[in-house]
Amino acid sequence: MHAPATVRTRVTIPLRFADGYRVDAEAVTFHGLVDGLEHVALVLGTPAPGDTPLVRLHSECLTGDAFGSARCDCGPQLREAVERIATAGGVLLYLRQEGRGIGLYNKIDAYALQDGGLDTYAANTALGLPEDARDYAAAAQMLGALGLGGVDLLSNNPDKAAQLRGYGVDVRETRATGVFASGSNLRYLRAKVEHTGHTIELAS
């Protein structure tokens, strides 16, 4: 196991989304994260007494989160997660793992290969990169620093729950996110279902 992380800064940030949804979040930064990256936690709402906090591990996606790219479902998932976590009480971990950990430029290179017919995983491999380079040790450290030993996980990705459990986090329940399919991202979503077992219900 890795050494514990500690809280560095806590500050309230009012979040405002393009569709008008508003909520205040407590942004938390950390000392001692194992990968040295600047991940941030957004604490949203307060769980009812006896409830398990709802947690999402959201990997950074500049194109989807900030620019509204329709090639993925990241932006809509982020928007949904903030509201669901604020309602239930819990934490969104915003992880600096662009392109499943390969970085922004490599992700754009992979997009170009996808335009030539490769799926999202084959494109990464063709670039000599891992299909998914993400490791969630820092996420487990963040949850530990926040005092969260047990969580309900908001995710369609079984690897997230498996890794968190491997790092000692008690994932009590996994809840699926919504399905945000479009003509631009259907092939991407289908690859996630067929290749890595994401729990996404797609029309056949």
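Remember, it's a predicted structure, so these values are computed and weren't measured experimentally.

Asker: It is not clear to me how the overall build of the chain should be interpreted in this structure. Could you clarify?
Answerer: In terms of regular secondary structure, the chain is built from 8 helices and 7 strands. Put simply, 62% of the contacts in the chain that link residues at least 6 apart link residues at least 24 apart.

Asker: So what exactly am I meant to see when it comes to helix α7 (residues 158-166) here?
Answerer: Because each turn of an α-helix spans 3.6 residues, side chains separated by three or four positions in sequence point in the same direction. For α7, the complete set of buried residues consists of K160, A161, Q163 and L164. The buried residues of α7 occupy an angular sector of 165 degrees when the element is viewed end-on, so they sit on one face. Looking at the buried residues of α7, the elements they touch are β4 (54-59), α6 (137-145), β6 (150-154) and β7 (170-175). Put simply, N157 is the residue that caps the front of α7, since its side-chain oxygen is 3.0 Å from the backbone nitrogen of D159. A positive phi of about 95 degrees marks G168, the residue just after α7.

Asker: Would you mind showing me how to read the confidence of the model for the chain here?
Answerer: Regions with low pLDDT carry predicted coordinates that are not meant to be interpreted in detail. In the predicted model, the chain carries a mean pLDDT of 89, and 87% of its residues have values of at least 70. In this model, residues 184-188 is a region of pLDDT below 50 whose contacts with residues beyond four sequence positions or in other chains number 19 contacts.

Asker: Just checking my understanding: could you explain the layout of surface pockets for this structure?
Answerer: Any empty space left between the atoms is revealed when a probe the size of a water molecule rolls over them. Empty space within the largest pocket amounts to approximately 400 Å³. Lining of the largest pocket is provided by 18 residues; of these, F17, D65, L78, R79 and V82 occupy positions nearest its centre. It is helix α2 (residues 74-88) that provides the largest number of residues to the lining of the largest pocket, a total of 5 residues. Considered as a void within the structure, the second largest pocket measures approximately 200 Å³ in volume.

Asker: How should I be thinking about the pattern of salt bridges in this particular structure?
Answerer: When their charged atoms lie close together, side chains carrying opposite charge are able to pair. Enumeration according to the criterion identifies 12 salt bridges in this entry. For D24, the salt bridge is made with R16, and the minimal N-O distance between the two is 4.0 Å. Residue R16 is classed as partly exposed on the basis of its relative accessible area of 45%. R96 is the salt-bridge partner of E60, the closest N and O atoms lying 3.1 Å from each other. One end of the pair, E60, is in the loop between β4 and α1 (62-66); the other, R96, is in the loop between β5 (90-95) and α3 (98-101), with 36 residues separating them in the sequence. Looking at E60, the relative accessible area reads 17%, which means it is buried. Counted as one network, the salt bridges with shared partners bring together D19, R79 and E83.

Asker: Whenever I open this one, a nonpolar patch on the surface confuses me. Can you help?
Answerer: Taken together, the side chains of L113, L118 and L127 present a nonpolar region at the surface, about 190 Å² in accessible area. Checked against the element boundaries, L127 lands in the loop between α5 (120-126) and α6.

Asker: Whenever I open this one, the environment of A123 confuses me. Can you help?
Answerer: Assignment of secondary structure puts A123 in helix α5. When the C-alpha atoms of A123 and Y111 are compared, they prove to be 7.6 Å apart, with 12 residues separating the residues in sequence. Setting aside anything within four residues of it in sequence, one finds A123 in contact with A110, L113, Q114 and L118.

Asker: What should I look at first to understand the side chain of K107 in this one?
Answerer: With respect to the helices and strands, the residue K107 is situated in helix α4 (residues 104-115). Judged by its relative accessible area of 8%, K107 falls in the buried class. If we skip the residues at most four places from it in the chain, K107 touches C61, L62, T63, E98, G99 and I102.

Definitions and limits used
- Residues numbered from 1 in each chain as written.
- Predicted model: local features only at pLDDT ≥ 70, side-chain atom pairs only at ≥ 80, totals over all residues.
- Heavy atoms only, no water.
- Helix = DSSP H or I, 4+ residues; strand = E, 2+ residues; numbered from the N terminus.
- Contact = heavy atoms within 4.5 Å.
- Buried < 20%, exposed > 50% of the residue type's maximum accessible area, 1.4 Å probe, protein only.
- Arc of directions from axis to C-beta.
- Polar contact = N/O pair within 3.5 Å; in protein donor to acceptor, adjacent residues only side chain to side chain.
- pLDDT = per-residue confidence, 0-100.
- 1 Å grid on protein atoms, 1.4 Å probe; cavity = no way out; pocket = protein on both sides within 12 Å on 5 of 7 lines; lining within 4 Å.
- Points joined across faces, edges and corners; volume = space filled by probe spheres on them.
- Salt bridge = Lys/Arg side-chain N within 4 Å of Asp/Glu carboxyl O.
- Patch = residues over 30% accessible without salt bridge, like charges linked within 9 Å, V, L, I, M, F, W, Y side chains within 5 Å.
- Areas by Shrake-Rupley, 256 points an atom, 1.4 Å probe, with all protein chains shown as cover.

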